[in-house]
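Examination of the molecular architecture
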Amino acid sequence: NEDLKGLISALLVPFNEDGTVNEKGLRQIIRHNIEKMKIDGLYVGGSSGENFMLEKETKKQIFDIAKDEAKDEVILIAQVGGTNLYEAIELGQYATELGYDAISAVTPFYYKFSFEEVKNYYFDLVEKVDNRLIVYSIPALTGVEIGVSQFKELFENEKIIGVKFTAADFFLLERLRKACPDHLIFSGFDEMLLPAVINNVDGAIGSTYNVNGLRSRKIFELAQAGKIQEALAVQNETNDLIEAILDNGLYPTIKQLLKLQGCNEGAFLSRKPMASATQEQINRSKEIYDAYLK
Ligand code: HMN
């Protein structure tokens, strides 16, 4: 599974006023990620893609566009999970046929599923989809916590090859790395990339790599080379940017920053019920761009 390692952007998706996908803008964002941010891969259909507000056909459309634009230039991972197992299977099969390198699925949320139920969801999914799967763990949004022994149980299925670990629990990350040296662990919080790399993660998947890919790569490379203080200096700069983005509204601000970086074809709105950038947020985005990305 070496081929899946690296710095992976969680793809942002621009929407039109009527909620449809702005295809031209999306293609620009994909090219921008590959050519300017030099990322190793794209995570398509994640939180950053506003995926949980979309209908199945729109999710498929986004998988189509990303594959058509990126071809085989970078790693492609399709996030197919949600609370509907049958839809996840269909989307997983769809992305696999398109040639996606792996699928990923969020832990089912909303209902308080037991670990047994979560495990059955993943096993049922990989039984029906001929691809590798990365568990998407994000307890702050799903409420689902998975411990080391439970990860080991999931990894007993040889098609479940790793986890996107979006949590600030570095004790758990350290324990998991030691317990599962042969499984892939992707860091999920961009602002904590350095401590994650020190804990020997195999890669990182995040939203801010869409606009801050080059700096983030430096953090990765410096940390892997043992140059921790230099890496920390770059993480400090990065976190000035990320803090400003979070204060101004995560996805609307990243979309505005993408526009300022040259992805400017058509509307860059959010999918309702998520709010799009207000004029004030647009103005602040310009200041953030000038301060940290120019
Ligand atoms: C995805 O599913 O699209 C992302 O990979 C999720 C990713 O972990 C991001 N988490 C959320 O948006 C909740 C982070 O990149 C995050 O946006 C960033 O670290 C700023 O907090």
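Located above this text is the structure these notes cover.
Let me sum up the structure you'll find in this document. (Residues numbered from 1 in each chain as written. Predicted model: local features only at pLDDT ≥ 70, side-chain atom pairs only at ≥ 80, totals over all residues. Heavy atoms only, no water.)

Take the environment of Leu 250 next. Topologically, Leu 250 is positioned in helix α11 (residues 250–260). Overall, Leu 250 belongs to the partly exposed group, its relative accessible area being 27%. Expressed as a C-alpha distance, the spacing of Leu 250 and Ala 277, which sit 27 residues apart in the sequence, is 10.0 Å. (Helix = DSSP H or I, 4+ residues; strand = E, 2+ residues; numbered from the N terminus. Buried < 20%, exposed > 50% of the residue type's maximum accessible area, 1.4 Å probe, protein only.)

In this section: the packing of aromatic side chains. Using the criterion set out here, one finds 7 aromatic pairs in the structure. Ring geometry for Tyr 43 and Tyr 136: centres 5.8 Å apart, planes at 90 degrees, overall edge-to-face. Here the residue Tyr 43 occupies a position in strand β2 (residues 41–44), and Tyr 136 occupies one in strand β5 (residues 133–137), the gap between them amounting to 93 residues. Assessed through its relative accessible area of 3%, Tyr 136 is described here as buried. Grouping aromatic residues by their ring pairs yields a cluster made of Tyr 110, Tyr 111 and Phe 113. Across from the ring centre of Tyr 43, 5.5 Å away, lies the NZ or CZ of Lys 164, which sits over that ring. (Phe/Tyr/Trp six-rings, centres within 6.5 Å; stacked < 30°, edge-to-face > 60°. Lys NZ or Arg CZ within 6 Å of the ring centre and 35° of its normal.)

Turning our attention to the environment of Arg 27. Among the structural elements, Arg 27 can be located in helix α1 (residues 23–35). For Arg 27, a relative accessible area of 21% corresponds to the partly exposed category. A polar atom in the side chain of Arg 27 sits 2.9 Å from the side chain of Glu 69. (Polar contact = N/O pair within 3.5 Å; in protein donor to acceptor, adjacent residues only side chain to side chain.)

Relative to each other, helix α9 (residues 209–224) and helix α10 (residues 228–248) sit at 155 degrees, their axes nearing to 8 Å. Relative to α10, α9 is oriented roughly antiparallel. At the point where α9 passes α10, the crossing takes the left-handed sense. Contacts between α9 and α10 involve Asn 212, Arg 215, Lys 218, Ile 219, Leu 222 and Ala 223 from the first element and Ile 228, Glu 230, Ala 231, Val 234, Gln 235, Glu 237, Thr 238 and Leu 241 from the second. Taken together, the residues of the contact of α9 with α10 sort by class into 7 nonpolar, 3 polar and 4 charged. (Axes fitted to C-alpha atoms, helices over the stretch in contact; angles between N-to-C directions. Parallel < 35°, antiparallel > 145°, perpendicular 65-115°, else oblique. Left-handed = near helix turned anticlockwise from the far one by under 90°. Contact = heavy atoms within 4.5 Å. Nonpolar A, V, L, I, M, F, W, Y, C, P; charged D, E, K, R; others polar.)

Around the ligand, the surrounding shell holds 20 residues, and the nearest of these are Ser 48, Tyr 136, Gly 188, Glu 191 and Ser 207. Between the ligand and Gly 188 there is a distance of 2.6 Å, counted from an oxygen atom to a backbone nitrogen or oxygen. When atoms are counted within 2 Å of each cavity's grid points, the one that captures over half of the ligand is the largest pocket. Elements with a contribution of two residues or more to the shell around the ligand: β8 (203–206) and α11. Of the residues in the shell around the ligand, the class split is 10 nonpolar, 7 polar and 3 charged. (Near = heavy atom within 4 Å. 1 Å grid on protein atoms, 1.4 Å probe; cavity = no way out; pocket = protein on both sides within 12 Å on 5 of 7 lines; lining within 4 Å. Sits in = over half its atoms within 2 Å of the grid points.)

Next up on the list: the pairing of strand β4 (residues 102–106). With 5 of 5 residues buried, β4 is to be regarded as a mostly interior element. Of the two faces of β4, the one carrying Ala 102, Ser 104 and Val 106 and the one carrying Ile 103 and Ala 105 are both buried. Relative to β4, strand β3 (residues 75–79) runs parallel, the two being bridged by 3 bridges. Within β4, the residue paired with Gln 79 across the bridge is Ser 104. Relative to β5, β4 runs parallel, the two sharing 4 bridges. Across the sheet, the residue bridging to Ala 105 is Val 135, located in β5. Read from β4 through helix α4 (residues 115–128) to β5, the crossover connection turns out right-handed. (Pairing = 2+ DSSP bridges. Right-handed = clockwise from strand over helix to strand, strands pointing away.)

In a regular helix each residue adds 1.5 Å, so 14 residues correspond to 20 Å; α4 covers 20 Å between its end C-alpha atoms and thus fits that length. Those residues of α4 not exposed but buried are Phe 115, Val 118, Lys 119, Tyr 121, Tyr 122, Leu 125 and Val 126. Considered in projection along α4, the buried side chains sweep an arc of 155 degrees and stay on one side of the axis. (Expected span 1.5 Å × (residues − 1). Arc of directions from axis to C-beta.)

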